[in-house]
Amino acid sequence: MRERRENSKGVILRNRAPFDPAQPTAYIAAMGLRSILILPDQRLRLVSDPVQTLDAETKKLIDDMFETMYDAPGIGLAAIQVGVAKRIVTLDLAKKDEKPDPQVFINPELIWTSSEKAKYEEGCLSIPEYYEEVERPARVKVKYLDIDLKPREVEASGLLATCLQHEIDHTNGVLFIDHISKLKRDRVIKKFIKAAKQAGGAKPGHPHPAAKARSHVV
Ligand code: ZN
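Basis of the calculations
- Residues numbered from 1 in each chain as written.
- Predicted model: local features only at pLDDT ≥ 70, side-chain atom pairs only at ≥ 80, totals over all residues.
- Pairing = 2+ DSSP bridges.
- Helix = DSSP H or I, 4+ residues; strand = E, 2+ residues; numbered from the N terminus.
- Axes fitted to C-alpha atoms, helices over the stretch in contact; angles between N-to-C directions.
- Contact = placed C-beta atoms within 7 Å.
- pLDDT = per-residue confidence, 0-100.
- Expected span 1.5 Å × (residues − 1).
- Buried ≥ 20, exposed ≤ 12 C-beta atoms within 10 Å, placed from the backbone.
- Core = buried A, V, L, I, M, F, W, Y, C linked by C-beta atoms within 7 Å.

Observations concerning the sheet that holds strand S3 (residues 76-78)
With antiparallel pairing, 5 strands are arranged side by side in an open sheet as S3-S4-S5-S8-S9. The strands lining the two open edges of the sheet, one partner per strand, are S3 and strand S9 (151-157). Strand-to-strand, the axes of this sheet are offset by a mean angle of 40 degrees, without reference to chain direction. Packing against the sheet, helix H2 (residues 56-71) makes contact with S3, strand S4 (88-91) and strand S5 (103-113), and its axis sits at approximately 40 degrees to S4.

Thoughts on the confidence of the model for the protein
Confidence in the prediction of the protein, expressed as mean pLDDT, is 85, and 79% of residues score 70 or more. Predicted confidence is poor over residues 7-29, with pLDDT under 50, and the contacts of this stretch with residues over four places away or in other chains come to 26 contacts.

Description of the pairing of strand S7 (residues 127-137)
Here strand S6 (residues 117-124) runs beside S7; their pairing, made up of 8 bridges, is antiparallel. The partner of lysine 119 across the bridge, within S7, is glutamate 135. A loop of 2 residues connects S6 with S7, the two strands running antiparallel in sequence.

Side note on helix H4 (residues 182-199)
With 18 residues, H4 should reach 26 Å at 1.5 Å per residue; the first-to-last C-alpha distance of 25 Å fits that figure. Downstream of H4 by one or two residues, glycine 200 has phi in the positive range, about 75 degrees.

What about the pairing of S4?
Of the two faces of S4, the one holding Ile88 and Thr90 and the one holding Val89 and Leu91 are both buried throughout. Bridging between S3 and S4 involves 3 bridges; their strand directions are antiparallel. Residue pairing across strands places leucine 77 opposite threonine 90, the latter belonging to S4. Both S4 and S5 contribute to a ladder of 4 bridges, which runs antiparallel. The residue bridging threonine 90 from the neighbouring strand is valine 104, located in S5.

Observations concerning the nonpolar core
In terms of nonpolar packing, the biggest core is built from 37 residues, with Met65, Ala79 and Ile88 touching the most fellow members. Secondary structure elements with two or more residues in this core: H2, S3, S4, S5, strand S8 (139-145) and helix H3 (158-171). Of all the elements, H2 adds the most residues to this core, at 6 residues. Ignoring any residue separated from it by four or fewer positions in sequence, one finds alanine 79 in contact with Ser48, Leu61, Met65, Val84, Lys86 and Ile88.

Describing unusual backbone geometry
The amide bond that connects leucine 39 to the next residue, proline 40, takes the cis arrangement and shows omega of 10 degrees. In this structure, proline 40 sits in the loop between helix H1 (25-30) and H2. Cis peptide bonds are those with omega within 30 degrees of zero, and the linkage from alanine 72 to proline 73 qualifies with -5 degrees. For proline 73, the position within the fold is in the loop between H2 and S3. Residues other than glycine seldom take positive phi values, yet asparagine 107 does so here, at roughly 50 degrees. Within the fold, asparagine 107 resides in strand S5. Residue asparagine 107 is classed as partly exposed on the basis of its C-beta count, with 19 C-beta atoms lying within 10 Å. A positive phi angle is found at glutamate 129, which is not glycine, with a value near 65 degrees.

Shown next, in the form of structure tokens:
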């Protein structure tokens, strides 16, 4: 997830990296930056698989997800956004002047949501430069596995509740634009399909071979 922040100078995006910004780009690249899938990439609609074991490959993936998230910059990332259909979410909600607070949620699952709702302006690293207010449950309980695959539970409100719901949605092939009006959603999808065609890279409408994509989302 990406957060838009306003200040007196206008809109700014959080830009805080865990590594020394003075380091050359080649060093950063070596750390494992991965490219982020952009709408309308159909892999974003995949339902990710649960993580069973934390092998070297998965640990590397988590490291790379943090690097990619901080570099973007974003405050949350799901593995499918870097093209890996595993139920892994990384978050860091620390404020710009606070020390980094990297958190990883493996196989996160909503086990309770409040009937009380909250609105938050959301953005997504897979839908760059688009922000829209989304209404979601204000408080949630999430169960997940930590980095040692120990079962944990967290009760969240505010930004954490929003981010967890946004990222858990990703693990189920759901995007935040699925929670806005059809008119607005169709408009943004159309815009990104057009941009992808112009760029000539992405192939909208070509489902991933392993697609367990949701054909319909709410
Ligand atoms: Zn997102």
